[in-house]
Amino acid sequence: MGESKDGVKGKRVVFVTVGTTCFDALVKVVDSQEVKDELLRRGYTNLLIQMGRGSYLPTKSSGDDGSLAVDYFTFSSSIADHLRSASLVISHAGSGSIFETLQLGKPLIVVVNEDLMDNHQSELAEKLAERRHLYCARPPTLCQTIASMDLKSLVPYSPGDATPVAKLINRWFSIHHFSDWHAIATAKSAQLVRKYDQPFILSGDNKEWKSLLRPLMID
């Protein structure tokens, strides 16, 4: 997982995604001149923003004057094609977006939404950042993260490594006092991730957790 040298010619797209959420703080900061100038300095040519349910509209630019070309949209039936064509992905901390990007082998900066209460998703992003699978930032630190990132130092993510996900599952059950389900999760969480290969279940409510764990109780 790496990066072309700064200044390399050719189309290099930065894809920003907020999923189905409203995360105007992220959209605003990537639309700031400071961040756009830094992306251009790092050799990126295009900025495509999936803005979700937000109300802030980025400033479109064709890039004909040598600036960063900027475009945006609200939703898409699938962001997979945008992820595949990206040279860099900047994402909210949704586990679905994180793991889909990592499984495609794309360099990733996860930006945590500090306005969310009980933000368990930020813990997942921070754990994966500790393991050097991605960079983790907040809106005020995004520009500095882009300026200082060394994408060659990122470690490819192995889908079979469920350790950080399993730990987060266990912690979630402990916090919400589902002691019986917590015991099941302790033994089965890694198996759950391997079986379903869909870490985005982390965002589900307790009914979704139980429906997903129930099949795993029968060996």
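Residues numbered from 1 in each chain as written. Predicted model: local features only at pLDDT ≥ 70, side-chain atom pairs only at ≥ 80, totals over all residues. Heavy atoms only, no water.

As annotated in an unreviewed UniProt entry, the protein carries the name Glycosyl transferase family 28 C-terminal domain-containing protein and is attributed to Hibiscus sabdariffa.

Student: Can you walk me through the overall build of the protein in this structure?
Tutor: What the protein contains, in helices and strands, is 9 helices and 6 strands. Looking at the 219 residues of the protein, the share that counts as buried comes to 47%. Total accessible area on the protein is roughly 10,700 Å²; 50% of this is exposed by carbon and sulfur atoms. (Helix = DSSP H or I, 4+ residues; strand = E, 2+ residues; numbered from the N terminus. Buried < 20%, exposed > 50% of the residue type's maximum accessible area, 1.4 Å probe, protein only. Areas by Shrake-Rupley, 256 points an atom, 1.4 Å probe, with all protein chains shown as cover.)

Student: Can you walk me through the environment of Ala 147 in this structure?
Tutor: With respect to the secondary-structure elements, Ala 147 resides in helix H6 (residues 142–148). Residue Ala 147 is classed as partly exposed on the basis of its relative accessible area, which comes to 29%. Spatially, the C-alpha atoms of Ala 147 and Arg 42 are 7.7 Å apart, while their sequence positions differ by 105 residues. If we skip the residues at most four places from it in the chain, Ala 147 touches Glu 38, Arg 41 and Arg 42. (Contact = heavy atoms within 4.5 Å.)

Student: How do you make sense of the layout of surface pockets when you look at a structure like this?
Tutor: To find leftover empty space, one rolls a probe the size of a water molecule over the atoms. The computed volume of the largest pocket comes to approximately 310 Å³. Considering the residues around the largest pocket, the lining is formed by Thr 17, Gly 19, Thr 20, Thr 21, Gln 50, Phe 75, Ser 76, Ile 79, His 92, Gly 96, Ser 97 and Glu 100. Considering every element that reaches the lining of the largest pocket, the biggest residue donor is helix H4 (residues 95–103), with 3 residues. Among the residues forming the lining of the largest pocket, the class breakdown is 2 nonpolar, 9 polar and 1 charged. (1 Å grid on protein atoms, 1.4 Å probe; cavity = no way out; pocket = protein on both sides within 12 Å on 5 of 7 lines; lining within 4 Å. Points joined across faces, edges and corners; volume = space filled by probe spheres on them. Nonpolar A, V, L, I, M, F, W, Y, C, P; charged D, E, K, R; others polar.)

Student: I keep staring at the environment of Val 18 and nothing clicks. Help me out?
Tutor: Structurally, the position occupied by Val 18 is in the loop between strand E1 (13–17) and helix H1 (24–30). On the basis of relative accessibility, which here comes to 0%, the residue Val 18 falls in the buried class. In the structure, Val 18 is positioned 76 residues away from Gly 94 in sequence and 8.1 Å away in space, judged by C-alpha atoms. Sequence-distant contacts of Val 18, defined by excluding residues within four places in its chain, comprise Phe 23, Leu 26, Val 27, Gln 50, Met 51, Gly 52 and His 92.

Student: Before we go on, may I ask you to explain helix H2 (residues 33–41) in this structure?
Tutor: Note on helix geometry: an α-helix contains 3.6 residues per turn, so any two residues three or four positions apart are oriented the same way. If you check which residues of H2 are buried, you get Val 35, Lys 36, Glu 38 and Leu 39. Each buried residue of H2 lies within a common arc of 160° when the element is viewed along its axis, so the set occupies one face. Along its buried surface, H2 packs onto E1, H1, strand E2 (46–50), strand E3 (69–73), strand E4 (88–91) and H6. One or two steps after H2, the chain reaches Gly 43, where phi turns positive at roughly 100°. (Arc of directions from axis to C-beta.)

Student: Is there a simple way to explain the nonpolar core in this structure?
Tutor: If you look at soluble globular proteins, the nonpolar side chains tend to sit buried side by side. Leu 26, Leu 39, Leu 88, Ile 90, Ile 109 and Leu 142 are the most contacted members of the largest nonpolar core, which totals 27 residues. For this core, the elements supplying multiple residues, two or more each, are E1, H1, H2, E2, E4, strand E5 (108–111) and H6. If you tally residues by element for this core, the top one is H1, at 4 residues. The residues touching Ile 90, leaving out its near neighbours within four places in the chain, are Val 14, Phe 15, Val 16, Thr 17, Leu 26, Val 30, Ile 109, Val 111, Leu 142 and Ile 146. Counting residues in each nonpolar core, the second largest holds 19 residues, with Phe 15, Leu 83, Ile 98 and Leu 108 among its members. (Core = buried A, V, L, I, M, F, W, Y, C linked by side-chain atoms within 4.5 Å.)

Student: Explain the pattern of salt bridges to me, please; I cannot follow it from the model alone.
Tutor: Taken as a whole and judged by the stated rule, the model has 7 salt bridges. Measuring nitrogen to oxygen at the nearest pair gives 3.4 Å for the salt bridge that ties Lys 60 to Asp 71. Here Lys 60 is found in the loop between E2 and E3, whereas its partner Asp 71 is found in strand E3, with 11 residues between them in sequence. Among the residues examined, Lys 60 registers a relative accessible area of 52% and is labelled exposed. Among the ionic pairs, Asp 81 bridges to Arg 84, the shortest N-O distance being 3.0 Å. (Salt bridge = Lys/Arg side-chain N within 4 Å of Asp/Glu carboxyl O.)

Student: Please explain unusual backbone geometry as it appears in this structure.
Tutor: Glycine aside, the phi torsion of most residues is negative, and most peptide linkages are trans. For Arg 132, which is not glycine, the phi torsion reads 65° and is therefore positive. Looking at the secondary structure, you find Arg 132 in the loop between helix H5 (120–130) and strand E6 (135–137). Judged by relative accessible area, Arg 132 falls into the partly exposed class, the value being 48%.

Student: I would appreciate a short explanation of the confidence of the model for the protein in the present structure.
Tutor: Predicted coordinates in regions of low pLDDT should not be interpreted in detail. Model confidence for the protein is summarised by a mean pLDDT of 79, while 67% of its residues fall at 70 or above. Predicted confidence for residues 2–8 stays below pLDDT 50, and this span has 14 contacts to residues more than four positions away or in other chains. Predicted confidence for residues 176–219 stays below pLDDT 50, and this span has 62 contacts to residues more than four positions away or in other chains. (pLDDT = per-residue confidence, 0-100.)

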